[in-house]
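# Understanding the architecture of this molecule
Each chain, written out:
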Amino acid sequence: MTSHAATNDPLFPRSSAGSLIAAALLIGNTVLMLYPIVIMVFSAFKTTAEIFDAPFALPDFTYVENFARIWGETSLPGYFVNSVVITGTSILLTLILGTMGAYGLARYSFPGNSAIFMFFLAGLMLPLKLAVIPLFLQMRDFGLLDTRLGLILIYTAMGLPSTIFIMTGFLRTLPVELEEAARIDGASEPRIMISIMLPLSIPPMVIAAIQNAVPTWNDFFFPLVFIQTDARKTLPQGLSVFMGEYTTDWGMLFAGLTIAALPLTIVYILMSRQFIRGMTAGAVK
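Residues numbered from 1 in each chain as written. Predicted model: local features only at pLDDT ≥ 70, side-chain atom pairs only at ≥ 80, totals over all residues. Heavy atoms only, no water.

Across its full length, the protein carries 15 helices and zero strands. The buried share among the 285 residues of the protein stands at 35%. In the protein, 72% of the contacts between residues at least 6 apart in sequence involve partners at least 24 apart. (Helix = DSSP H or I, 4+ residues; strand = E, 2+ residues; numbered from the N terminus. Buried < 20%, exposed > 50% of the residue type's maximum accessible area, 1.4 Å probe, protein only. Contact = heavy atoms within 4.5 Å.)

On to the packing of helix 11 (residues 202-218) against helix 14 (residues 250-270). Look at helix 11 against helix 14: their axes get within 11 Å of each other, and the N-to-C directions meet at 175 degrees. Of the possible angle classes, the one that applies to helix 11 and helix 14 is roughly antiparallel. Here Ile210, Ala213, Val214 and Trp217 of helix 11 lie close against helix 14, whose contacting residues are Ala260, Pro263, Leu264 and Tyr268. Class assignment for the residues of the contact of helix 11 with helix 14 results in eight nonpolar, no polar and no charged. (Axes fitted to C-alpha atoms, helices over the stretch in contact; angles between N-to-C directions. Parallel < 35°, antiparallel > 145°, perpendicular 65-115°, else oblique. Nonpolar A, V, L, I, M, F, W, Y, C, P; charged D, E, K, R; others polar.)

The share of residues in the protein with pLDDT of 70 or more is 89%, and the mean pLDDT across the chain is 86. Helix 1 (residues 2-7) is the least confidently modelled element of the protein, averaging 46 in pLDDT, while helix 5 (residues 76-107) averages 94, the highest of any element. (pLDDT = per-residue confidence, 0-100.)

Below, the discussion takes up unusual backbone geometry. Unlike most non-glycine residues, Asp146 shows phi in positive territory, near 60 degrees. Turning to its location among the elements, Asp146 is positioned in the loop between helix 7 (132-141) and helix 8 (148-171). A relative accessible area of 15% means that Asp146 is categorised as buried.

The subject of this paragraph is the packing of aromatic side chains. For the structure shown, the criterion picks out twelve aromatic pairs. Centre to centre, the rings of Tyr103 and Tyr108 are 5.9 Å apart; their planes meet at 75 degrees, and the pair counts as edge-to-face. Overall, Tyr108 belongs to the partly exposed group, its relative accessible area being 31%. Members of the aromatic cluster, each reached through a chain of ring pairs, are Phe136, Tyr155, Phe221, Phe222 and Phe226. The ring of Phe117 is capped by Arg172, whose NZ or CZ atom sits 5.0 Å from the centre of that ring. (Phe/Tyr/Trp six-rings, centres within 6.5 Å; stacked < 30°, edge-to-face > 60°. Lys NZ or Arg CZ within 6 Å of the ring centre and 35° of its normal.)

Its location among the elements puts Thr163 in helix 8. The buried category is assigned to Thr163, whose relative accessible area is 0%. At 3.1 Å, the side chain of Thr163 forms a polar contact with the side chain of Asn212. Look past the residues within four positions of Thr163 in its chain and what remains in contact with it is Thr94, Leu95, Gly98, Ala208 and Asn212. (Polar contact = N/O pair within 3.5 Å; in protein donor to acceptor, adjacent residues only side chain to side chain.)

All right, on to the pattern of salt bridges then. Tallied over the full model, the rule gives eight salt bridges. Among the salt bridges present, the one from Arg69 reaches Asp249, with a minimum N-O distance of 3.3 Å. Here Arg69, found in helix 4 (residues 65-72), pairs with Asp249, found in the loop between helix 13 (235-239) and helix 14; they are 180 residues apart in sequence, far enough to count as distant. With relative accessibility at 25%, the residue Arg69 sits in the partly exposed group. Note on Asp249: relative accessible area 24%, which makes it partly exposed. Residue Glu179 is joined to Arg183 by a salt bridge in which the shortest nitrogen-to-oxygen separation is 3.6 Å. Of this pair, Glu179 and Arg183 both sit in helix 9 (residues 176-184), four residues apart, which is roughly one turn of the helix. (Salt bridge = Lys/Arg side-chain N within 4 Å of Asp/Glu carboxyl O.)

Time to look at helix 8. Quick reminder: α-helices carry 3.6 residues per turn. Residues three or four places apart thus point the same way. Compared with the 34 Å implied by 1.5 Å per residue over 24 residues, the 32 Å span of helix 8 between its first and last C-alpha is a close match. Considering bend angle alone, the principal kink of helix 8 is centred on Leu160 and spans about 35 degrees; proline Pro161 follows within four residues of it. (Expected span 1.5 Å × (residues − 1). Bend = angle between axes of the 7 residues up to and from the residue.)

Judged by nonpolar contacts, the single largest core of 19 residues is most densely connected at Ile91, Leu95, Tyr103, Leu171 and Leu174. The set of elements that each furnish at least two residues to this core consists of helix 5, helix 8, helix 10 (189-200) and helix 11. Discounting chain neighbours no more than four positions away, the residues touching Leu95 are Thr163, Met205, Ala208 and Ala209. Residues Tyr79, Met252, Ala255 and Ile259 belong to the second largest nonpolar core, which totals 18 residues. (Core = buried A, V, L, I, M, F, W, Y, C linked by side-chain atoms within 4.5 Å.)

This is the structure in structure tokens:
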């Protein structure tokens, strides 16, 4: 009786223990995720000697020599522009092609619909890196080696399966009555997709964009294989040149890593509301 009464005590609801455990796990996960980022940013404002002498100490945030040197004395601005162009163009192409393909698969019934959808899903199970040798030969035959266009096409192809998977699942949840009402009003099929369906599909498009932008921006493998000219290198590939065989300027390296992480962080903060809406879309349907 005592145990039962204590369990039902209004001062200690049954769910309080579970809530405390969940909160503790979330706080611990947040600390675990933010800890390396905080250390990276702190180290960007220190000299190499200070990083080794006091790695966890607060830095002097007025010390910006690392940023000034890496931006003014190295090729990092060019690497940054290359990453922006390659990532931005590939994500734009992925969203355009993926949304058009997903719309056709989700809103129209035709022979081979399921087979085409499964074909794209197979792209989620087979990493493109497994085909790097035939892909290298194909890029060579097309004259796309050591070009930004070659990387753009590769990243677009990599992003299409996940984009079509995300967009098809969402577009199938939209009511058919929206299309029927638009057709009665005389709207064409492209007008229905652009004016009615796409505005409703912004949240999943944000999810697809962020999901593909992060690995594209951070990718080191494909630029290493397909890019040889220093002027065409991306940020991850370019930052590797700051690590010497015998010595490394860790302050400059951490400054470069901070600059590399900043754009995606800003994009995610600006689009976080749309991202959360996309993650919860369909939860109450």
